[in-house]
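Descriptive analysis of the structure
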Amino acid sequence: MMKVREFLRWMLPLVVLFNTINMNAQNNENTNQQLDARQQSLAAISALTATGNIEKLKVHLNTGLDTGLTINEVKEALVQLYAYCGFPRSLNGINTFMQVLEERRAKGIKDKVGKEATPVKDSSDTYERGRKTLEVLTKSPQAKPAPGFGEFAPRIDAFLKEHLFADIFDSDVLDYQQRELVTISALAAMTGTAGQLQAHIGMGMNTGITAEQLKAVFDIIEKNVSKEQAETARAVFLKMKK
């Protein structure tokens, strides 16, 4: 009887330890699943387009299509990215995507085209439409023109509201949350964009992007861009939480 008690006395802590480890593993697995496969691909495609890493971009464009991203969703992300990383890298991304699609067609792979953008019925002033979109994203009033840069350079304020937040964001091929995921991933991947990253993290969270999903984006940046860049993004987010 004493031997049985002694055995149980030693075994009980081991059972508790095993259960704790198992629960932690499950929690980690759940955390990793905060971004689904399509979202992970969208984040990687955006980051690699922004940094111009064409070889890795090819890999993730293929992966994205394999995980269910449509051709039009990827195209829409690549078009949007010109506003954040410039025409050269956006066009390089689009040309790379065209090459990937051609290679897949040659292999007999038929990728889903996806929905087209719904025609915009709102015929109101484009600037006002973009300003209102920005108010939805920021959940705060937007002055006309934007204070500071908008007063100093009214044309850039007009481009921002009329083209980015109206012409581009009007397309419902991607929803606002997906668009903010694209933007955050691109800004997190680039240097010198901490201020814009902070603003878009706030907008992204307003669309429903969670803290765990943001952490997953930064992990994607670490894996595909650099640890230094990921740490910079994490520091921006940590500063916002204080």
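Residues numbered from 1 in each chain as written. Predicted model: local features only at pLDDT ≥ 70, side-chain atom pairs only at ≥ 80, totals over all residues. Heavy atoms only, no water.

**Section: empty space enclosed by the protein**
Taken as a whole and assessed by the stated rule, the structure comprises one cavity of 30 Å³ or more. The computed volume of the largest cavity comes to approximately 40 Å³. Lining the largest cavity are Leu 35, Gln 39, Gln 177, Gln 178, Leu 181, Ile 209 and Gln 213. Here the lining of the largest cavity takes three residues from helix 10 (residues 176–189), the largest share from any one element. (1 Å grid on protein atoms, 1.4 Å probe; cavity = no way out; pocket = protein on both sides within 12 Å on 5 of 7 lines; lining within 4 Å. Points joined across faces, edges and corners; volume = space filled by probe spheres on them. Helix = DSSP H or I, 4+ residues; strand = E, 2+ residues; numbered from the N terminus.)

**Looking at a nonpolar patch on the surface**
A surface patch of nonpolar side chains, amounting to about 300 Å² of accessible area, comprises Phe 149, Ile 156 and Phe 159. In this fold, Phe 159 is placed in helix 9 (residues 154–168). Overall, the relative accessible area of 44% leaves Phe 159 in the partly exposed class. (Patch = residues over 30% accessible without salt bridge, like charges linked within 9 Å, V, L, I, M, F, W, Y side chains within 5 Å. Areas by Shrake-Rupley, 256 points an atom, 1.4 Å probe, with all protein chains shown as cover. Salt bridge = Lys/Arg side-chain N within 4 Å of Asp/Glu carboxyl O. Buried < 20%, exposed > 50% of the residue type's maximum accessible area, 1.4 Å probe, protein only.)

**Notes on the layout of surface pockets**
Considered as a void within the structure, the largest pocket measures approximately 660 Å³ in volume. Of all the elements in the fold, those that place two or more residues in the lining of the largest pocket are helix 5 (82–85), helix 7 (126–138), helix 9 and helix 11 (194–206). The element that contributes the greatest number of residues to the lining of the largest pocket is helix 9, accounting for eight residues. Class assignment for the residues of the lining of the largest pocket results in 17 nonpolar, ten polar and one charged. (Nonpolar A, V, L, I, M, F, W, Y, C, P; charged D, E, K, R; others polar.)

**Side note on the packing of helix 4 (residues 71–80) against helix 6 (residues 87–106)**
Relative to each other, helix 4 and helix 6 sit at 160°, their axes nearing to 9 Å. When the interaxial angle is binned, helix 4 and helix 6 end up roughly antiparallel. Here helix 4 and helix 6 pass one another in a crossing that is right-handed. Residues Ile 71, Val 74, Lys 75, Leu 78 and Val 79 of helix 4 pack against Ser 90, Gly 93, Ile 94, Phe 97 and Leu 101 of helix 6. A class-by-class count of the residues in the contact of helix 4 with helix 6 yields seven nonpolar, two polar and one charged. (Axes fitted to C-alpha atoms, helices over the stretch in contact; angles between N-to-C directions. Parallel < 35°, antiparallel > 145°, perpendicular 65-115°, else oblique. Left-handed = near helix turned anticlockwise from the far one by under 90°. Contact = heavy atoms within 4.5 Å.)

**A word on the confidence of the model for the protein**
Of the residues in the protein, 86% reach a pLDDT of 70 or more, and the chain-wide mean stands at 90. Ignoring residues within four places in sequence, the model shows residues 23–33, a span with pLDDT below 50, making two contacts including any to other chains. (pLDDT = per-residue confidence, 0-100.)

**As for the pattern of salt bridges**
Inspection of every chain in the model, using the stated rule, returns 15 salt bridges. Close ionic contact of Asp 111 with Arg 104 constitutes a salt bridge, the shortest N to O distance being 2.8 Å. Grouping residues by exposure puts Asp 111 and Arg 104 together as buried. The residue Lys 161 makes a salt bridge to Asp 157 at a minimum N-O spacing of 2.5 Å. With Lys 161 and Asp 157 both in helix 9, this residue pair falls four residues apart, about one helical turn. Connected through salt bridges with shared partners, the residues Glu 128, Arg 131, Glu 135 and Lys 144 form a single ionic network.

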